[in-house]
Amino acid sequence: HVQWFAPPMTPFQHLMAEKRNHFHEDRAFPLTYVRAVLGLNKPYKVCKETPIQDIVEYYNNEGVSYKKYWNEFFEKCLQDSMECANWNSDDFSYVVEDNKAYTFTVQDGTIAIGEAAEGVDLASLRDKDKAALQNYGRPYNEGGRPTGTYIKEPLQPKWGPGGYEPWPGVLTAA
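Calculation notes
- Residues numbered from 1 in each chain as written.
- Predicted model: local features only at pLDDT ≥ 70, side-chain atom pairs only at ≥ 80, totals over all residues.
- Heavy atoms only, no water.
- Helix = DSSP H or I, 4+ residues; strand = E, 2+ residues; numbered from the N terminus.
- Contact = heavy atoms within 4.5 Å.
- Areas by Shrake-Rupley, 256 points an atom, 1.4 Å probe, with all protein chains shown as cover.
- Core = buried A, V, L, I, M, F, W, Y, C linked by side-chain atoms within 4.5 Å.
- Buried < 20%, exposed > 50% of the residue type's maximum accessible area, 1.4 Å probe, protein only.
- Patch = residues over 30% accessible without salt bridge, like charges linked within 9 Å, V, L, I, M, F, W, Y side chains within 5 Å.
- Salt bridge = Lys/Arg side-chain N within 4 Å of Asp/Glu carboxyl O.
- Pairing = 2+ DSSP bridges.

**Notes on the overall build of the protein**
Scanning the protein from N- to C-terminus turns up 5 helices and 3 strands. Listing each helix as α and each strand as β along the protein from the N terminus yields α-α-α-α-β-β-β-α. Here the analysis covers contacts within the protein between residues at least 6 apart in sequence; of these, 48% occur between residues at least 24 apart. Summed over all atoms, the accessible surface of the protein reaches about 13400 Å², with 53% contributed by carbon and sulfur.

Structure (structure tokens):
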């Protein structure tokens, strides 16, 4: 299956990525790698049972290093998520680390973990955060219901004005 993440990741998803539980090495194939392989114009015969490692090894030997492309991709995913993140620490009650909730403060822009918070149901906390974050920054009406979902003039499938443009705050290749 294809999995797609756009920055910023939620704090939980970012933590999972830092722990290498997203964008799995040897399972995630960066688009830059795929383009480099296709750019060789050297097909490799495969069947349903061909191990992916055999395909990667073939193209490694052709000069397209999967590890190089994957490492660049992984580091950029984490960096883009941090650069685009606009989470407000006031919107969170706890930090969860090693399956335990803790109080926290922010000191000089860095999270400082405090005391363990006893009796916090982590599944309920995650569900509550997920519901809050799925529409983070969205306008709400007086009744607390989300608004603003209709896009009168959607982006055109092109680069430039009226279409896709660089995401503010994300470094682009020089």
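**A look at the nonpolar core**
Residues Phe-23, Tyr-33 and Val-64 are the most contacted members of the largest nonpolar core, which totals 17 residues. Counting only elements with at least two residues in this core, the list comes to α2 (31–40), α3 (52–61) and α4 (66–84). Element by element, the count of residues in this core is highest for α4, at 6 residues. Ignoring any residue separated from it by four or fewer positions in sequence, one finds Phe-23 in contact with Phe-5, Met-9, Ala-17, Ala-28, Trp-70, Phe-73, Phe-74 and Cys-77.

**Examining a nonpolar patch on the surface**
Taken together, Phe-29, Leu-31, Val-34, Leu-38 and Ile-52 make up a surface patch of nonpolar side chains, about 420 Å² in accessible area. The topology assignment puts Leu-31 in helix α2.

**Some details on the side chain of Ser-81**
Residue position: Ser-81 is located in helix α4. Not counting the four nearest positions on each side in its chain, Ser-81 is found in contact with Pro-7, Pro-8, Met-9 and His-14.

**Notes on the pairing of strand β3 (residues 110–116)**
Where strand β2 (residues 100–107) and β3 come together, 5 bridges link them in antiparallel fashion. Opposite Tyr-102, over in β3, you have Ala-116 as the bridge partner. Two successive antiparallel strands, β2 and β3, enclose a turn made up of 2 residues, where Asp-108 displays a positive phi of approximately 55°.

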